[in-house]
Amino acid sequence: MIFARDKSQMCNNLLQYAHVYAWGREHGRKVISMRFSYKYQYFHICHTNLTGFGWYLFAKYMAALHLLPTASFKHADCDREALERKMLRHRHIVVSGWNVRFYDLFLKYRSEIVELFRIDECYTQPVREKMNVNDNVEGQRSKDEGQRLLPQSLRPVSLDLRPKSQISLGVHIRRGDYATWQDGRYFFNDKVYASYINRFAAMHPDQTVDVFLSTNDAQVTAEHYQALCPKVHIHHLKGSAPEDLFMLSECDYLIGPPSTFSLVAAMYRDIPLYRMDSADADSMTADGFRLFDYWFRRIL
């Protein structure tokens, strides 16, 4: 049994666990998420047999008493090969640390990971209603989903950029801890985000653009952004974390600063994501919108 343990926020935990899950799946080992056993109770995984508060307490105290070995991927320069040998050597072990990475295995078992972290309907249904996602759109998306999970070389060229009169753009406005993270490098003001939205609208002149805002800044308003971005339709649903994650996952395109939140949103349906690495909106091009398998290897 492998117990995946980590701290930090929801989507960091999700990705860290998913790497461990993929490794366990490849080696015939069951993997329990300690974090999702008691926190972030929004996902299908939280209702499975191997995810519960009892397992969390068992692993926590067994590790504290040194009755369970630990493989710690805490540091970026950790000896991953040695830690993997330790994981193979022990039947029961705790795996922790943000730097655990098994990229190829993650992609191999990605469809299972997506299903494990399917968001509960009590969070998705209100968002569907507010976004006016109808049955016809859902039916088309269900058909597309299987193709989206194919390798990019096998995917129909028109799938991600298929022409339609109305498109949706999800914008992740990250504030809060970003004032200090990376020395505030990605703490952008409203004018910067608006410039990106307007740039996106200019790139799609013949289409109606609906923009859905997701933010941890309570001062953000749809009215303010509508005034800054008159050529698009601004929507701010003011949802909870799982509701905003689902909302972003239902959009056709995503933009935002480096963040695992928008990255995980892109994961569900392989949505083209543009990462705002600078305040210069003019640098954004169509080619800069890349799929999940590109960005998740480039997490900052």
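As the structure is a prediction and not an experimental result, all values here were calculated from the model.

Each value, and the rule that gives it
- Residues numbered from 1 in each chain as written.
- Predicted model: local features only at pLDDT ≥ 70, side-chain atom pairs only at ≥ 80, totals over all residues.
- Heavy atoms only, no water.
- Helix = DSSP H or I, 4+ residues; strand = E, 2+ residues; numbered from the N terminus.
- Areas by Shrake-Rupley, 256 points an atom, 1.4 Å probe, with all protein chains shown as cover.
- 1 Å grid on protein atoms, 1.4 Å probe; cavity = no way out; pocket = protein on both sides within 12 Å on 5 of 7 lines; lining within 4 Å.
- Points joined across faces, edges and corners; volume = space filled by probe spheres on them.
- Patch = residues over 30% accessible without salt bridge, like charges linked within 9 Å, V, L, I, M, F, W, Y side chains within 5 Å.
- Salt bridge = Lys/Arg side-chain N within 4 Å of Asp/Glu carboxyl O.
- Lys, Arg positive; Asp, Glu negative; His and termini not counted.
- Charge placed at Lys NZ, Arg CZ, Asp CG, Glu CD.
- Buried < 20%, exposed > 50% of the residue type's maximum accessible area, 1.4 Å probe, protein only.
- Expected span 1.5 Å × (residues − 1).
- Axes fitted to C-alpha atoms, helices over the stretch in contact; angles between N-to-C directions.
- Parallel < 35°, antiparallel > 145°, perpendicular 65-115°, else oblique.
- Left-handed = near helix turned anticlockwise from the far one by under 90°.
- Contact = heavy atoms within 4.5 Å.
- Nonpolar A, V, L, I, M, F, W, Y, C, P; charged D, E, K, R; others polar.
- Core = buried A, V, L, I, M, F, W, Y, C linked by side-chain atoms within 4.5 Å.
- Phe/Tyr/Trp six-rings, centres within 6.5 Å; stacked < 30°, edge-to-face > 60°.
- Lys NZ or Arg CZ within 6 Å of the ring centre and 35° of its normal.
- Pairing = 2+ DSSP bridges.
- Right-handed = clockwise from strand over helix to strand, strands pointing away.

Novice: I keep staring at the overall build of the chain and nothing clicks. Help me out?
Specialist: The helix and strand tally for the chain stands at twelve helices and nine strands. Working note: accessible area of the chain is about 14600 Å², and carbon and sulfur atoms make up 51% of it.

Novice: I would appreciate a short explanation of the layout of surface pockets in the present structure.
Specialist: Over the atoms a probe the size of a water molecule is rolled, and this reveals where empty space is left. Each pocket or cavity is described by its volume, and for the largest pocket that value is around 660 Å³. Looking at which element gives the most residues to the lining of the largest pocket, the answer is helix α11 (residues 260-269), with four residues.

Novice: Looking at this structure, I do not really get a positive patch on the surface. What am I missing?
Specialist: Together, Arg5, Lys7, Lys60 and Lys74 give the surface a local cluster of positive charge. Relative to the helices and strands, Lys60 resides in helix α2 (residues 53-64). On the basis of relative accessible area, Lys60 is assigned to the partly exposed category, the value being 37%.

Novice: Quick question: what am I supposed to make of helix α1 (residues 10-26) here?
Specialist: If you check α1, its first and last C-alpha atoms are 24 Å apart, about what 17 residues at 1.5 Å a residue would give, namely 24 Å. Of all 17 residues in α1, 15 are buried, a share of seventy percent or more. Positive backbone phi, approximately 65 degrees, marks Gly28, located one or two places after α1.

Novice: Help me understand the packing of helix α10 (residues 241-249) against α11, please; the structure alone is not making it clear to me.
Specialist: Helices that pack against each other are described as a pair by the angle of their axes relative to one another and the distance between those axes. For the pair α10 and α11, interaxial distance at closest approach is 8 Å and the crossing angle is 55 degrees. Overall, the two elements α10 and α11 adopt an arrangement that is oblique. In terms of crossing hand, the pair formed by α10 and α11 is right-handed. Side by side, α10 and α11 meet where Ala241, Asp244, Leu245, Leu248 and Ser249 of the first sit next to Phe261, Val264, Ala265, Tyr268 and Arg269 of the second. Residues that form the contact of α10 with α11 fall into these classes: seven nonpolar, one polar and two charged.

Novice: Even after reading the chapter, I still don't get the nonpolar core, so can you show me in this structure?
Specialist: Generally speaking, nonpolar side chains in soluble globular proteins are found buried as a group. In terms of nonpolar packing, the biggest core is built from 57 residues, with Phe43, Phe117, Leu245 and Tyr268 touching the most fellow members. If you tally residues by element for this core, the top one is α1, at ten residues. Among the nonpolar cores identified, the runner-up in size contains 30 residues, and Val209, Val211, Val232 and Phe289 belong to it.

Novice: How should I be thinking about the packing of aromatic side chains in this particular structure?
Specialist: Any pair of aromatic rings gets described here by the distance separating the centres and the angle formed by the planes. Within the structure shown, the criterion is met by 31 aromatic pairs. An aromatic cluster is built from Tyr17, Tyr21, Phe36, Tyr40, Tyr42, Phe43, Phe117 and Tyr123, whose rings are joined through pairwise contacts. In this arrangement the basic side chain of Arg101 is found over the ring face of Trp98, its NZ or CZ atom lying 4.5 Å from the centre. Above the ring of Tyr294, the side-chain terminus of Arg298 is found at 3.7 Å from the ring centroid.

Novice: Before we go on, may I ask you to explain the sheet that holds strand β5 (residues 166-173) in this structure?
Specialist: The strands that make up a sheet pair up through hydrogen bonds in the backbone, lying either parallel or antiparallel. An order of β7-β6-β5-β8-β9 is seen for the five strands of this open sheet, with the pairing classed as parallel. Only two strands of the sheet have a single partner each, and these edge strands are β7 (233-235) and β9 (273-275). Shown here is a sheet whose adjacent strand axes are inclined to one another by a mean of 20 degrees, direction ignored. As paired elements, β5 and strand β6 (residues 208-215) share eight bridges and run parallel to each other. Counterpart to Ile173 in the pairing with β6 is Thr215. Along the sheet, helix α8 (residues 190-203) makes contact with β5, β6, β8 (253-256) and β9, crossing β5 at roughly 160 degrees. The strands touched by α10 within the sheet are β5, β6 and β8, with β6 carrying the most contacts at an inclination of about 155 degrees.

Novice: How do you make sense of the pairing of strand β1 (residues 2-5) when you look at a structure like this?
Specialist: Regular strands place side chains that alternate from one sheet face to the opposite one. Looking at chain direction, β1 and strand β2 (residues 31-33) are connected through three bridges and run parallel. Residue pairing across strands places Ile2 opposite Val31, the latter belonging to β2. Each parallel crossover has a hand, and for β1 linked through α1 to β2 it is right-handed. Summarising the sheet, β1 and strand β4 (residues 93-96) pair through four bridges and their orientation is parallel. Residue pairing in the sheet places Arg5 in a bridge with Ser96 of β4.

Novice: What is the right way to read empty space enclosed by the protein from this model?
Specialist: By the definition in use, this model includes two cavities of 30 Å³ or more. The space that makes up the second largest cavity amounts to roughly 40 Å³. What lines the second largest cavity is Pro126, Val127, Lys130, Leu237, Lys238, Gly239, Glu243 and Asp244. Of all the secondary structure elements, the ones that give two or more residues to the lining of the second largest cavity are α6 (121-131) and α10.

Novice: Explanation requested: the pattern of salt bridges in the structure shown.
Specialist: Once the charged atoms of two side chains with opposite charge are near each other, the side chains can pair. Tallying each qualifying case throughout the model produces nine salt bridges. Notably, a salt bridge pairs Asp104 with Arg297, separated by 2.7 Å at the nearest N-O pair. Here the residue Asp104 occupies a position in helix α4 (residues 103-108), and Arg297 occupies one in the segment after α12 (292-295), the gap between them amounting to 193 residues. A salt bridge links Arg110 to Asp270; the nearest nitrogen and oxygen atoms lie 3.6 Å apart. Within this pair, whereas Arg110 is found in helix α5 (residues 110-116), its partner Asp270 is found in the loop between α11 and β9, the two being separated by 160 residues in sequence. Across this residue pair, the class does not change: Arg110 and Asp270 are buried. In the salt-bridge network here, residues are joined through shared partners; they are Arg175, Asp190 and Asp217.

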